[in-house]
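Here are the chains, one letter per residue:
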Amino acid sequence: MSSPFEKLEKLMTYEELREKISVKYMKLNRKLKTSKEMTVKTKELARINMVYDNVKNYFEKIVHTLPHTSKIHPFYLDLLDVLVGANDYKKSIVRISRAIRILDKIHKECLAMLRLASKPSEYAEIRRNCIGRLLSVLKRNRKYVDFLSHAVLKLRNIPSIDPETPTVIIAGMPQVGKSTLVKTISTAKPKIAPYPFTTKNLIVGHIIGRNYKFQAIDTPGLLDRPLSERNPIELQAILALKHVKGIIVYLFDVSITGYYTLDQQLRVLSDIEKMFDKKIIVALNKVDIADYLKVKELVNVLESRGYRRLFKISALKGIGVKELRDEIISELKNIM
Ligand SMILES: Nc1nc2c(ncn2[C@@H]2O[C@H](COP(=O)(O)OP(=O)(O)OP(=O)(O)O)[C@@H](O)[C@H]2O)c(=O)[nH]1
Ligand SMILES: [Mg+2]
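Q: I'd like a rundown of the state of the cysteines, residues and numbers included.
A: Counted according to the given criterion, the structure contains one disulfide. A disulfide bridge connects Cys-110 with Cys-130, and the sulfur atoms are separated by 1.9 Å. Across the S-S bond of Cys-110 and Cys-130 the torsion is about -115°, and the bridge reads as left-handed. With a gap of 20 residues between them, Cys-110 in helix α4 (residues 86-116) and Cys-130 in helix α5 (residues 120-140) connect regions that are remote in the sequence. Take Cys-110: its relative accessible area is 0%, and that puts it in the buried class.

So this is what it looks like as structure tokens:
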């Protein structure tokens, strides 16, 4: 399973659709003027139908291509909620599907009126009235159209994560080496730079073997600060990860140059322990430039907290990475 929003086509905004209809209307008029075979009545009918078809097709595209909230996996539903608001999304689609029925009703009435009319002056009046009513349905739904058009732009960018595929989530404070590790153990290509908050989006890679395919997620800015410093939107984004089946690797930076103290890093680890019901593997990164006092102190604290197996690694130099990767694979195989 991939993101239900991945293949969504862009949706025109209200203004763009109105513009498109105006242009088509002018083109149609030019064509109708030169047409000798069509009667005045069928020409008016063609005008009404053009507007009806365009608005209706647009509305139907919304209703048929945007995934229904009842069919969205909880993981993606949470992300939808964080990014655009699940209730507004649902309501907008419901309103648009209601608007389709109103369009159909107006169109039917218009056809009946046109059928009964007998004078060209009446035809034109009916056409004006009908097109006006059809466009006013569109205008009354402008809010929903624009909302969904903007929503699609955001939703299309959600990375494809399969919540059912066993996944290793790499967590840790800024600059501890999350992206470097993800890059060495998986196919992902995250951005790596020596300043904090380098990675802005969720980045997904795969760990592929002969009989398995797992996901590795780099979690920038999501799992790197205490919960108390979070706004509600960030909290929800974190919660979305709860729906992903898998384990967490928590990275400590134990280098002499580390940005954060051990206490700060331990606090974030505690938060993650509380938040997730997932196995946590702890790894001490940057041992190539380790502060040995830090390492000793940290090992003591972690052992007293029940962490039996600690991985000492250098994601950059590749030290200990194979052992960590093997452990990740063996844990993920357990939940396959
Ligand atoms: N010496 C040393 N440097 C490392 C190691 N791992 C990562 N680094 C360096 O630490 C810096 C941050 O690494 P990233 O992998 O971008 O860290 P991050 O946790 O993804 O950072 P953000 O995305 O900003 O949260 C980079 O300059 C890396 O080269 C390591 O094992 N040893
Ligand atoms: Mg990063």
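Q: Describe a positive patch on the surface, and please don't skip the residues or the numbers.
A: On the surface, Lys-20, Lys-24, Lys-27, Arg-30 and Lys-33 cluster together into a patch of positive charge. Tracing the backbone shows Lys-24 in helix α1 (residues 14-34).

Q: Describe the environment of Lys-286, and please don't skip the residues or the numbers.
A: You can see Lys-286 is positioned in the loop between β5 (280-285) and α10 (292-304). Distance in space between the C-alpha atoms of Lys-286 and Leu-251 is 9.8 Å, their sequence separation being 35 residues. The residues contacting Lys-286, other than those within four sequence positions of it, are Gln-175, Val-176, Asp-253, Ser-255, Ile-313 and Ser-314. At a separation of 2.8 Å, a polar atom in the side chain of Lys-286 contacts the main-chain carbonyl oxygen of Gln-175.

Q: Account for helix α6 (residues 142-155), with residues named and values stated.
A: An ideal rise of 1.5 Å per residue puts 20 Å on 14 residues; α6 measures up with 20 Å between its terminal C-alpha atoms. Every buried residue belonging to α6 is among Tyr-144, Val-145, Asp-146, Leu-148, Ser-149, Ala-151, Val-152 and Leu-155, and all of these are buried.

Q: Describe the packing of helix α7 (residues 178-185) against helix α11 (residues 321-334), naming the residues involved and giving the relevant values.
A: Put simply, α7 and α11 touch, their axes get as near as 11 Å, and they point 75° apart. Our classification of the angle between α7 and α11 gives roughly perpendicular. Counting all contacts with α7, which are made through Leu-181, Thr-184 and Ile-185, the residues of α11 involved are Val-321, Leu-324, Arg-325 and Ile-328. Residues of the contact of α7 with α11, tallied by class, amount to five nonpolar, one polar and one charged.

Q: Lay out the environment of Arg-18 in plain terms, naming residues and giving numbers.
A: Of note, Arg-18 is situated in helix α1. Judged by its relative accessible area of 26%, Arg-18 is partly exposed. Separated by 116 residues in sequence, Arg-18 and Leu-134 place their C-alpha atoms 12 Å apart. The contact partners of Arg-18, leaving out residues within four places of it in the chain, are Leu-135 and Leu-138.

Q: Let's hear about the environment of Lys-20: which residues, and what values?
A: Residue placement: Lys-20 occurs in helix α1. When its relative accessible area of 33% is taken as the criterion, Lys-20 is described as partly exposed. When the C-alpha atoms of Lys-20 and Asn-54 are compared, they prove to be 8.9 Å apart, with 34 residues separating the residues in sequence.

Rules behind the numbers
- Residues numbered from 1 in each chain as written.
- Chains lettered and ligands numbered in written order.
- Predicted model: local features only at pLDDT ≥ 70, side-chain atom pairs only at ≥ 80, totals over all residues.
- Heavy atoms only, no water.
- Disulfide = S-S within 2.5 Å.
- Helix = DSSP H or I, 4+ residues; strand = E, 2+ residues; numbered from the N terminus.
- Buried < 20%, exposed > 50% of the residue type's maximum accessible area, 1.4 Å probe, protein only.
- Patch = residues over 30% accessible without salt bridge, like charges linked within 9 Å, V, L, I, M, F, W, Y side chains within 5 Å.
- Areas by Shrake-Rupley, 256 points an atom, 1.4 Å probe, with all protein chains shown as cover.
- Salt bridge = Lys/Arg side-chain N within 4 Å of Asp/Glu carboxyl O.
- Lys, Arg positive; Asp, Glu negative; His and termini not counted.
- Charge placed at Lys NZ, Arg CZ, Asp CG, Glu CD.
- Contact = heavy atoms within 4.5 Å.
- Polar contact = N/O pair within 3.5 Å; in protein donor to acceptor, adjacent residues only side chain to side chain.
- Expected span 1.5 Å × (residues − 1).
- Axes fitted to C-alpha atoms, helices over the stretch in contact; angles between N-to-C directions.
- Parallel < 35°, antiparallel > 145°, perpendicular 65-115°, else oblique.
- Nonpolar A, V, L, I, M, F, W, Y, C, P; charged D, E, K, R; others polar.

It is worth stressing that arrangement in space is one thing and function is another; only the former is reported here.
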